[in-house]
Amino acid sequence: MTLLERLHRAGMREVVTVRPVTGGLAALAGIATRRDAPPVFVKGFADPPADDVFAAEADGLAALRELGGVATPEVILADRDLLVLSVLRARPQSEVFWERFAHLLARLHLSTTHPRFGWHHDNWLGRRRQINTWNDDGFAFFAEHRLLRWLDQPRVEAALDAADRAALERLCDRLPDLLPDRPACLTHGDLWAQNIMATVDGEPALIDPAVSYMWAEVDLAHVWSTSPPPEARRMFALYAELTSLDGDWEARMPLIQLRQHLAVLAQFDDDWGAAEQIRAVLAPFRTRQ
């Protein structure tokens, strides 16, 4: 069933056409033109992985907006088959925009600290469920629900050998020695450059979250590791200044980004180099033969 047919079935009979858009990796998406109303953004899965995918995404957008003061699109419809949102703009190609984004991200992370790691329900990262069971220990939470949880996925099993998997387990055991003990805060959870957009006024806005209370550097590592544009360079130094990051934060980015590399490897035939990057990070944790 096409997106247009799904919209009509959901009662949005005023939609005339749906123009496909690209950029996302997991779902079908388009801009829907309506009679006598502004266009809307719509997305759906050809085969939804579960009934709660879009409800969880709508909840995440509301959390970012209401708890973190982040601009997000208005949710017009969220059901099993469709998510319909107000239309945002492409982000401007300017250093000023990214400096504003640094302030937005710092405010989100600094204003939403939480005593526990997790979320009040599971949600979704692409087509895979993100486990958010509460835990008081951030190292244990990150190890169990953000790294080791991917090891039983068929594509991960095929790409990583026994030594790689053992190395990941050793890395997880050593997390308290490798990373600083940080508090949990509200994180977007899937913060690659494609999910950073702009409002009609040109202010930063976020889409497509997989929220949880987690380390702030999970968000920072994702932006850092996914080829941000040159004009974003100042953003990282400004964020570090605003949040009083220590001088070693850059060295931690590849380790923290393991979570996203594993998620990509688990879901897509073309892993865009994720397996290679995983093995590079794991290399120091492989035992000598």
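Residues numbered from 1 in each chain as written. Predicted model: local features only at pLDDT ≥ 70, side-chain atom pairs only at ≥ 80, totals over all residues. Heavy atoms only, no water.

- Going by an unreviewed UniProt entry, the chain carries the name Fructosamine kinase family protein and comes from Micromonospora parva.
- Note on the chain: under the UniProt heading Sequence similarities (unreviewed entry), the record states "Belongs to the fructosamine kinase family." (UniProt positions renumbered as here; feature names shortened; annotations may be inferred.)

### Notes on the overall build of the chain
Then step 1. Scanning the chain from terminus to terminus reveals twelve helices and eleven strands.
Then step 2. The C-alpha atoms of the chain give a radius of gyration of 19 Å, which matches the 19 Å a tight globule of 289 residues would have.
Then step 3. Seen along its three principal axes, the alpha-carbon backbone of the chain occupies a region of about 65 × 40 × 35 Å.
Then step 4. Within the chain, the fraction of its 289 residues that count as buried is 50%.
Then step 5. Taking contacts inside the chain between residues at least 6 apart in sequence as the whole, the part at least 24 apart equals 66%. (Helix = DSSP H or I, 4+ residues; strand = E, 2+ residues; numbered from the N terminus. Rg over C-alpha atoms; globule rule 2.2 N^0.38 Å. Buried < 20%, exposed > 50% of the residue type's maximum accessible area, 1.4 Å probe, protein only. Contact = heavy atoms within 4.5 Å.)

### What to know about the packing of aromatic side chains
Then step 1. All told, the structure shown has 13 aromatic pairs when counted by the stated rule.
Then step 2. A centroid spacing of 5.3 Å and a plane angle of 50° characterise the contact between Trp119 and Tyr213, whose relative ring orientation is tilted. Taken together, the positions of Trp119 in the loop between helix 3 (95-110) and strand 6 (123-125) and Tyr213 in strand 11 (residues 212-214) put the pair 94 residues apart, joining distant regions of the chain. Residues Trp119 and Tyr213 agree in their burial class; the two are buried.
Then step 3. Seen from their ring centres, Trp224 and Phe236 are 5.0 Å apart, and the 90° between their planes marks the pair as edge-to-face. Of the two residues, Trp224 sits in helix 8 (residues 217-225) while Phe236 sits in helix 9 (residues 233-242), which places them twelve residues apart along the sequence.
Then step 4. Judged by its relative accessible area of 4%, Phe236 is buried.
Then step 5. Among the aromatic residues, those joined into a cluster by ring pairs are Phe117, Phe139, Phe141, Phe142 and Trp215.
Then step 6. Seen from the ring of Trp150, Arg149 lies directly overhead, with NZ or CZ sitting 4.0 Å from the centre. (Phe/Tyr/Trp six-rings, centres within 6.5 Å; stacked < 30°, edge-to-face > 60°. Lys NZ or Arg CZ within 6 Å of the ring centre and 35° of its normal.)

### Quick notes on the pairing of strand 5 (residues 83-86)
Then step 1. In this sheet, strand 5 lies alongside strand 3 (residues 37-44) in antiparallel orientation, the contact comprising four bridges. Of the residues in strand 5, the one forming a bridge with Lys43 is Leu83.
Then step 2. Taken together, strand 4 (residues 75-78) and the strand that follows it, strand 5, pair antiparallel across an intervening segment of four residues. (Pairing = 2+ DSSP bridges.)

### What to know about the side chain of Asp190
Then step 1. For Asp190, the position within the fold is in the loop between strand 8 (185-187) and strand 9 (196-198).
Then step 2. Buried charge Asp190 goes without a salt bridge, the closest partner of opposite sign being Arg259 at 5.7 Å.
Then step 3. Aside from chain neighbours lying at most four places away, what touches Asp190 is Leu125, Asn195, Asp208, Ala210, His222 and Gln260. (Lys, Arg positive; Asp, Glu negative; His and termini not counted. Salt bridge = Lys/Arg side-chain N within 4 Å of Asp/Glu carboxyl O.)

### Points about helix 12 (residues 274-282)
Then step 1. What helix 12 keeps buried is the set Ala274, Ala275, Ile278, Val281 and Leu282. Projected down its long axis, helix 12 shows its buried positions confined to an angular sector of 125°, all on one face. Exposed residues pointing more than 90 degrees away from the buried face of helix 12 are listed as Glu276 and Ala280.
Then step 2. Contacts made by the buried residues of helix 12 are with helix 5 (154-159), helix 6 (162-173), helix 10 (249-256) and helix 11 (258-267). (Arc of directions from axis to C-beta.)

### Quick word on the pairing of strand 4
Then step 1. Relative to strand 5, strand 4 runs antiparallel, the two being bridged by three bridges. Opposite Ala78, over in strand 5, you have Leu83 as the bridge partner.

### Topic: helix 6
Then step 1. Look at helix 6: 17 Å from first C-alpha to last across twelve residues, which is about the 16 Å you get at 1.5 Å a residue.
Then step 2. Considered for burial, the residues of helix 6 that qualify are Asp164, Ala167, Leu168, Leu171 and Cys172. The arc enclosing the buried residues of helix 6, seen along the axis, measures out at 140°, which places them on a common side. Exposed side chains of helix 6 directed beyond 90 degrees from the buried face belong to Ala162 and Asp173. (Expected span 1.5 Å × (residues − 1).)

### As for the nonpolar core
Here is a general trend for soluble globular proteins: nonpolar side chains tend to be buried in one another's company.
Then step 1. Core analysis: the largest hydrophobic core is formed by 67 residues, its most contacted members being Phe101, Leu171, Met235 and Tyr239.
Then step 2. Looking at which element gives the most residues to this core, the answer is helix 3, with eight residues.
Then step 3. When residues no more than four places from it in sequence are discounted, the contact partners of Tyr239 are Ala102, Leu105, Ala106, His109, Ala216, Leu220 and Leu245. (Core = buried A, V, L, I, M, F, W, Y, C linked by side-chain atoms within 4.5 Å.)

### Details of the environment of Thr187
Then step 1. Position of Thr187 relative to the elements: it lies in strand 8.
Then step 2. In this structure Thr187 comes out as buried when scored by relative accessible area, which is 1%.
Then step 3. Through-space distance from the C-alpha of Thr187 to that of Trp249 is 17 Å; in sequence the pair is 62 residues apart.

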